[in-house]
Amino acid sequence: MSDRFAALGYSASKLKVNGTGACAAEDAPEGTPLLVLPLQRCWTAAAVDTECPQVSQALAKAALRNPDSELLQAASTKIALHLIWERRRLSNSEPMKEHRKQHLQLLEGRKAETLLAWGRRDLESLTGSFWLEEAHRRQEDVVADLESLLADLGPEVSCKLGLVKEEDMRSLDEVPRASLEAFAWAQCILQELGLHFVSGDQLLAPGLELLGSSQEAGTVLRLEPSFQGSPAVVLYADRDFKAGEGVRLWHHGLACSQGFQLLMGLGDFKVPEKGAPVATTGPWESVEVLLRLPVSAQSSESSKLWSIIEALEAALQASRPWHGGLLLREAVPPDFGWRRVEVIQKEDAELEVQVRLPLGRSLPTPEALQQLGLLICADTERMQTIMREEKGVLDPLGPKACQRRALQQLGRRLQWALEDYPAHALVDARQLSPAEGLLPRRVRGLLLVAAEKQLVSEAITVIQQALQSDLEDSQEAHRALQGVDDAEASDAIARTGDSRDPEGSGAMSEGIKDIATLPQFRSQGQPLTHEPDSPLKRLRKGGTCSRGHTGATWEDLALETVLGFSLPALCDVMWRVEPLLPPVYTGSKVMKPGYVEDSKTGLFPAIPKLYEREPSPQRKLALEPAKPVQAPPLRWALLELPGASSPVPEVLAALLALGCEDGLKLQGKLMVQPSYVHRLASGAFSNAASPAKVTAYDVLVVYLEGWLGSKPEQLCVDLLAALQVLVSEMGQSALRVVLLSHLSVGPGSLRGREAVSPASAALGLVRTARAEVPQVPILWLDTDALDGSIQEQLMYEVNLALPPGGLQNASSLERAQGLMAHNREVVYRQGRRWLPRLDLSPHMPVYAGRVVGPLPPHVTETGVALVTGGVGGIGLAAAEALVELGMRRMVVTSRYGQLLDDGKRLEAMRASGCEVIVEACDVAVESSVRELLERIQVHGPLRVVVHASGVLEDAPFVGQDPLGFRKVFEPKALGAWYLHRHTMQDKLHSFVLCSSLAALVGSEGQANYAAASAFLDELARLRAALDLPAISVQWPAVDAWSEEPEQHGGAIWNGLTTGLEKPGSSISLPVVRQVVKLVVAGLKPVEPVQAVLPGAYLSPTSLTVRSMLAPLLARKPNKEGDTSMMLASEDKQASGLCMRSVKLCLQLT
C-alpha cells in the first residue's frame, strides 16, 4: 500500500501518488476496491463526539438555549469546528493523531479555489451569471453563520474551541478577522472536498484530493455500511485499469454543471496545451435561472399556494438528471436537496416566490411547467396582464395553457438574462489567458459566462420551437377530438392535455382561487419553510382545472369568481314553491316528475345538484294561521273577452264575495252591465249595456277560460284588443288587471292534456305588455281551487301589492311601487304558492370552446336531422353544431328554399362530410310540413328536429293588429305544432324549439313574437309530459357577423335584425353552436325550457324579472374575506351590483 495513503489512515490502497496525481499500482479489473478508508478515519459528526468532546458538548449546550437553530445542529458545523480545533492544536505543536496531522498538513499547502475564496475583482468576471449573486450570498452566509455561532457559544467557549483568540475576546462588537479567516477556511474545505450521501451522511474523506477530479466516469465512490467488518468509504474501479494508468476521482457528487464546479473549486485549471481556451458545455451542463414571482395578499391567504409550490418543487427535483439513479450509499450532486422553490418575505412585508430553475438543452418536465404556469398567476397585477394577453385562450388553468404560459415567461426571462451577459466574455477570456500554467480565476469566470450565454441562446431556441409545436399540436388535437367517441377522447386528453367534457361536470376549478394560508415565518429576509407536519397536497392529475372548466377562458373564470357562474348562463325555467299561505287541502301529492313530497313543509320541488355547487337557497317563510277574510276597499269588475266562457259558479261566488258585481264587455269599445256577476250567478241574463268608464274601477278580473275550437292565437288576439282599449281609455287612473285561469299554466297544468293550452301563449304577450305599457299592471293567477279559497287567493295577491296604509293614504311613490309589484305570475296548487324562477341548468357551464361528446352512431350514421329556418341565423348555426356532433345527413329549409347568404357555410358543412339538402317548406301550412316529412324519409329515419323558423314584424303594443300578429305567430307556433303532430311516431333523439327571451322577460315591439315563443315553451313542456324528447331554448339576440362575444355589429334574432344594441345583451355564434350541442347531446335531465342569459339580463329594472333571478343571483361566492366579489342578491341593489361586477370583470379582460 502506498505510504502516502497509509499515513492518512487508509486500510487498503491499489494506487500510488506521483507528480501528476495518482495512478494504479497494479492491474485492477472493474469492480476492484482501489481505496478503502475506514469511516472512523474520516472527518464526521460522530468523530467529533469521540475525538473532540469539547466541541460536541459546547454545541449541545448552545442548542438547548436556542433549540430552533439549525446551524447548531448541522453536521457541517461540527466538522468545521473540529477542523479548526485540530488546526489550532497543530499550530501549537500539541500531540494529535497522526492521520489527522498528515491531512491537515496536506490541506495547509492547498489553495482554496471555491467561490468563497474569490475576491471582488475576480467575482466581477461572473457579471450576468446566477453564480455572481450566489457567491455573494454564500460569502455573506459565512459571516452571518459565524456571528450566530459566536453569539450562541459565548466568548469563553469560542476561545476554547479556537474560534476566537484571547486577545480578541475583549471586544466582540465585530467579528475578528482571524476568526473569520479560520471559519472561512473550514467552510472552503467542506465546500470543495466534503461528501454528501443519499443516506444523509456528511463527511470529509482525507486523501481524495490527491487524485484530482474528472468529468468522465472511471471510478465510483460508495459509503459501505460494512466492509471487512466495519463501515468504510470505498473507491471502486468502474472499468479496467492497467498498472501505471492514471486514476482520477469521479462520483455522482461531481455530476454537475460548470457553475457548480466553479462554486466548489473543482475542475482542471490548467491552460490547454493546444489553442486558446474555449467555452465548453458538457452533458451535465445547465444554467441556473432565478425567477422572482410576487404573490398578492389575496393569493398568500389562499389554500392552494403551498400545494402548487410543493408540486413544483417535486417536479423540479424529479427533472434533475440524477433523479432516480442514485443508490443509498452513493455521493450526491451539490444541488441534491436544494430547495428549488422558496417563499421569501421582503422588507416591505410583501411575499415573493423565488424559483431556481436549472435549464439545459432540454425543457423542464410538463408537470414542472404546469405548476409554474399556475404559480405565475398568484399575483393580481400579473394576472390582469395575463388575462389581457390570453383573451380567448381555452382552459387557461389547464395543463396546456399553464405550460405555454410558463414557457413564455421563461423565454422572456432568458431574453433579459441574455442581455445581461457581457458581449465579449469569450474574447476577453482568450486575451487574459496565459500561455501556460493555471487559468486565472477571472478567466475561469469569463469562460463560465461565455458557456452560459451560449446555453441560454440554445434554450431560447428550444422554447420558441416548443411554443410553435404546441400551437400546431393543439390545433391538430382539437380537430381530432371532434371525431372520437367519449372513451377515445379521455385517452386523447391524457396524451395531449386537450379538453373534453361530454357530461359537462360543473365543478368549480380549484386552480389558484383557494390557496392555503402560509405558515408563520421565522424572520424577515429568511425563506418560509413548509410546516413539517403538513401533508403534501398534490394537485389532481391533469392540472388543477376541473373537468367543468374544459373550454373556459379567463373571462369565464373571472365571472365565476364574481357571480358564482360563467356567462352566458344557461338556466332552467321552472316554477318553485313559496309557502306563504296555509294549505287549504290536507295532504298533498306529486304534481309531476321532478317534484317530491316533504313531510314538514308540504309540496316542494326537488332541487338537483347543479354545477357541482350547493343549490341556491329557497326562502321558507313561517306559515301564518288563516285570518278572517275582509273585503278590501277596492272597486272590482269582471271583464269578459269575446271568446271566453262564463266563469264557473265557484269563481262567481268568489267575485261576489269580493264585491265584484259589474261586468265589462268589449264591443268595439268597453261596455258595462251593472250587477252582471250577480245575474250570472242567479241564472238571469240581460243584454242591456252602456259605455263603461274604466276610471270607475280599481281591479278588473279577466277570466281566461274558453276559446274551444279557436285557433291557438285567438285568445292572444282578444286579450291584445282588450288591453289596447284599457290603455287608451284609462288616462291617468291606476288600474289593476287580474288574469284568472284554471290549471292553464304552471305545474300540474298539463295533466291529461294532448294540446297546448290556449292561455299559454298569452304569457309572452302579458310580459311584453308589462315592458311597454307599465301603467296597466297585470297579475296572472292560475289556481286549481274550486271552493272559497279562490277568494282568499285573489285577496292575498291583490293586497300584497297595496301600500301598507291603503290607497287613500299612499304617496305617489308608494302607489307607483304598488302598481309595479302587481306585475307577476302566481300559481296555486293545493294551497301552495308557486312563482316562476330561473336557476342554473345542469348543462352549465356554456364555454364556447368546450368539446361535447358526439351523438350515438344510430343517430349520426343512418339518421337525418331537420332544421327549419336552417339557411341563416340561429338555424344555420344549429345546423353547424349538428355537423360538429357528427350528423352525416341534414335537411335545412326555408320558405322558398333560398339561401340568405352566399352559401359558404353550407358548403363548409358539405366539405366536412355531411350531406346537406335544402328544401322549400312553408311550416305555417300543415300540408307543406307533412309533405316535407314524407320526402325526408327517402334519406333515412328522422332523428333530430330543430325548429328555428320565424319572421318578425315589430310594432308598438298599441299598434299591434290581428293580421300582423298572426303573420308572426303562425310560422313559429303553428309550425312547431305541426312538426310535433306529425313526428310523434318517429323515434326522435332530440326535438329542439328555438324560442326567445321575449317570452320570459318581454320585448318592446315584439308582443307577437313573445306570444309565439311562449307557445313553443309550453309545447316543449307538453312533449316532456308525454315522455317525448323536447327542449325549448329561449335565445337572446345573436351577433350575426361576429365569432367572438362583445363585438357587436348588428344583432339577429332567429336570423333577422332586431336593432338590439344594449351592451352585453347578445351572444356570439360559437355560443349558439355550443348551446345547441349541449341540449342535443347532453345526457343530464333538465327542464324542458332553457334560457340563455347574457350579462345584461342580470341587471333587470323589472321587479318581476328580478324575482325570477333570485335563485341565480344567490349563487354568489360567500367566503369570508371575499368582500370585493360579494353580490348581495337579497339586497335591493343586488342586480345593479351584480352587473357592475360583470362589467368590471369584462374590463379586466
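Definitions and limits used
- Residues numbered from 1 in each chain as written.
- Predicted model: local features only at pLDDT ≥ 70, side-chain atom pairs only at ≥ 80, totals over all residues.
- Heavy atoms only, no water.
- Helix = DSSP H or I, 4+ residues; strand = E, 2+ residues; numbered from the N terminus.
- Buried < 20%, exposed > 50% of the residue type's maximum accessible area, 1.4 Å probe, protein only.
- Contact = heavy atoms within 4.5 Å.
- Axes fitted to C-alpha atoms, helices over the stretch in contact; angles between N-to-C directions.
- Parallel < 35°, antiparallel > 145°, perpendicular 65-115°, else oblique.
- Left-handed = near helix turned anticlockwise from the far one by under 90°.
- Pairing = 2+ DSSP bridges.
- Polar contact = N/O pair within 3.5 Å; in protein donor to acceptor, adjacent residues only side chain to side chain.

K.L.:
Please set out the overall build of the protein residue by residue, giving values where relevant.
P.N.:
Along the protein, the regular secondary structure elements total 36 helices and 37 strands. Here the protein holds 1149 residues, and 56% of them are scored as buried. Counting only contacts in the protein whose residues sit at least 6 apart along the sequence, the fraction spanning at least 24 positions is 77%.

K.L.:
I'd love a proper account of the packing of helix H3 (residues 53-65) against helix H4 (residues 75-91), names of residues and values included.
P.N.:
Contact geometry for H3 and H4: axes closest at 10 Å, N-to-C directions at 140°. Classified by the interaxial angle, the pair formed by H3 and H4 is oblique. Regarding H3 and H4, the two cross each other, and that crossing is right-handed. Here Gln 54, Val 55, Ser 56 and Leu 59 of H3 come into contact with H4, specifically with Thr 77, Lys 78, Leu 81 and Trp 85.

K.L.:
Quick one: what's the story with unusual backbone geometry, residue by residue and with numbers?
P.N.:
Looking along the chain, the bond that leaves Leu 567 and enters Pro 568 is cis, with omega of -5°. With respect to the helices, strands and loops of the structure, Pro 568 is situated in the loop between helix H19 (554-563) and strand E15 (569-578). Of note, Gln 830 is a non-glycine position whose phi angle comes to about 50°, a positive value. Take Gln 830: it is sitting in the loop between strand E25 (824-829) and strand E26 (832-840). Even without being a glycine, Asp 1027 presents a positive backbone phi close to 60°.

K.L.:
Break down the pairing of E25 for me, with residues and values.
P.N.:
Among the six residues of E25, six are classified as buried, and the element is accordingly described as predominantly covered. Pairing analysis gives three bridges linking E25 to E26, with the strands arranged antiparallel. Residue pairing across strands places Tyr 828 opposite Arg 833, the latter belonging to E26.

K.L.:
Describe in detail the sheet that holds strand E2 (residues 15-18), supporting the description with residues and values.
P.N.:
Pairing in this open sheet of three strands is antiparallel, and the strands run E2-E3-E10 from one edge to the other. Since the sheet does not close on itself, it has two edges, and those belong to E2 and strand E10 (246-247), each with one partner. Bridge count for strand E3 (residues 21-24) against E10 is two bridges, and the pairing is antiparallel. Its bridge partner lying in E10, Cys 23 is registered against Gly 246.

K.L.:
Can you explain the side chain of Ser 760? Please cite residues and give values.
P.N.:
Assignment of secondary structure puts Ser 760 in the loop between strand E23 (736-742) and helix H23 (762-772). The exposure class of Ser 760 is buried, given its relative accessible area of 2%. Of the polar contacts made by the side chain of Ser 760, one reaches the backbone oxygen of Ser 757; its length is 2.7 Å. Each residue touching Ser 760, except ones within four places of it in the same chain, is listed here: Val 745, Ala 1014 and Glu 1018.

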